[in-house]
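Given next are the chains, with one letter for each unit.
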Amino acid sequence: SLTIRMDNKGPAMEYKFDEIRKLRWRYEGDNNWRDAFYEMYEVDEDLFFFAHLLDKKYPGECAMVALDLNNGLSTLVHGQTGTPYRNNETTPTYYFGIFEMEGVNAHRYHRHGWTDELVGEAVTWNYQPGNPGLTSMHLYLTPNSYSWVIFLGDGSGGMQWTSPGWYSKLRDNVYIMAWVEEACNGTLGVICFNNKTMHDAGFGFHVGP
């Protein structure tokens, strides 16, 4: 079990991980625990990233949480559907803080935070190798945007997109990246990118059936 405390907003969240892909959570001070399905990845040694849906209500909400067992630091990305402009958009909100768990001593002052270390870089990913496959170049052009180009089968550039983007640093060469495909399909993507192993792991939260 653990408790996550964010510096900038909201009550603490308490978690109990009962079994693989099943957890219980509640806001600190609540009497009732909520059950939730979750997925979790170890994106670097002793650095975990998990996600679950929050209460079943409109608008839909989810929590995507990074936990660093080395220093007790945590970043929580709260995803929510609906904006003042469109119902089928999603919005991420970042919270930086710590977590309390037996055997982990949280850092008193240091926190995860925003970064521009990726600006000017581009990475090409090959998803689902084979035929058909997907090759996508991701471009990190500014601290607040995210772009991609999906290549056609003959290697030429095809679909392109630029959207709002957010970048935070968890460790040297390990980042959380988020982007919103606004005014389109209501997609929020939030991933941990390990630049040392050249792997990513994360979650999509979007409007759909």
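Shown above is the structure to which this text applies.
Residues numbered from 1 in each chain as written. Predicted model: local features only at pLDDT ≥ 70, side-chain atom pairs only at ≥ 80, totals over all residues. Heavy atoms only, no water.

A.B. asks: Even after reading the chapter, I still don't get the overall build of the protein chain, so can you show me in this structure?
C.D. replies: Counting its regular elements, the protein chain contains 0 helices and 16 strands. The C-alpha radius of gyration computed for the protein chain amounts to 18 Å, which stays within 12% of the reference 17 Å derived for 209 residues, consistent with globular compactness. The principal-axis extents of the C-alpha atoms in the protein chain amount to approximately 55 × 35 × 30 Å. The burial tally for the protein chain puts 44% of its 209 residues in the buried class. Of the roughly 11300 Å² that the protein chain leaves accessible, carbon and sulfur atoms contribute 50%. Distance between charge centroids for the protein chain: 8 Å, based on 16 positive and 26 negative side chains. (Helix = DSSP H or I, 4+ residues; strand = E, 2+ residues; numbered from the N terminus. Rg over C-alpha atoms; globule rule 2.2 N^0.38 Å. Buried < 20%, exposed > 50% of the residue type's maximum accessible area, 1.4 Å probe, protein only. Areas by Shrake-Rupley, 256 points an atom, 1.4 Å probe, with all protein chains shown as cover. Lys, Arg positive; Asp, Glu negative; His and termini not counted. Charge placed at Lys NZ, Arg CZ, Asp CG, Glu CD.)

A.B. asks: Would you mind going over the layout of surface pockets with me for this structure?
C.D. replies: A probe matching the size of a water molecule, rolled over the atoms, marks out where space remains unfilled. Of the voids in this model, the largest pocket is the one considered here, and its volume is about 470 Å³. Counting only elements with at least two residues in the lining of the largest pocket, the list comes to β11 (134-140), β12 (145-151), β14 (174-181), β15 (187-194) and β16 (199-206). Residue classes in the lining of the largest pocket are distributed as 11 nonpolar, 7 polar and 2 charged. In this structure, the second largest pocket encloses a volume near 320 Å³. What lines the second largest pocket is a set of 18 residues, among which Phe-37, Ala-51, His-52, Leu-53 and Cys-62 lie closest to the centre. Secondary structure elements with two or more residues in the lining of the second largest pocket: β4 (34-44), β5 (47-53), β6 (61-68) and β16. (1 Å grid on protein atoms, 1.4 Å probe; cavity = no way out; pocket = protein on both sides within 12 Å on 5 of 7 lines; lining within 4 Å. Points joined across faces, edges and corners; volume = space filled by probe spheres on them. Nonpolar A, V, L, I, M, F, W, Y, C, P; charged D, E, K, R; others polar.)

A.B. asks: I'm lost on the packing of aromatic side chains in this one. Help?
C.D. replies: Ring pairs (aromatic) are described by centroid distance and by the angle formed between their planes. According to the stated counting rule, one finds 16 aromatic pairs in the structure shown. Through a chain of ring-to-ring contacts, the aromatic side chains of Tyr-15, Phe-17, Tyr-38 and Phe-50 assemble into a single cluster. The side chain of Arg-24 reaches across the aromatic face of Trp-33, ending 5.7 Å from its centre. Looking at Arg-34, its charged tip hangs above the ring of Trp-25, at a distance of 4.7 Å from the centre. (Phe/Tyr/Trp six-rings, centres within 6.5 Å; stacked < 30°, edge-to-face > 60°. Lys NZ or Arg CZ within 6 Å of the ring centre and 35° of its normal.)

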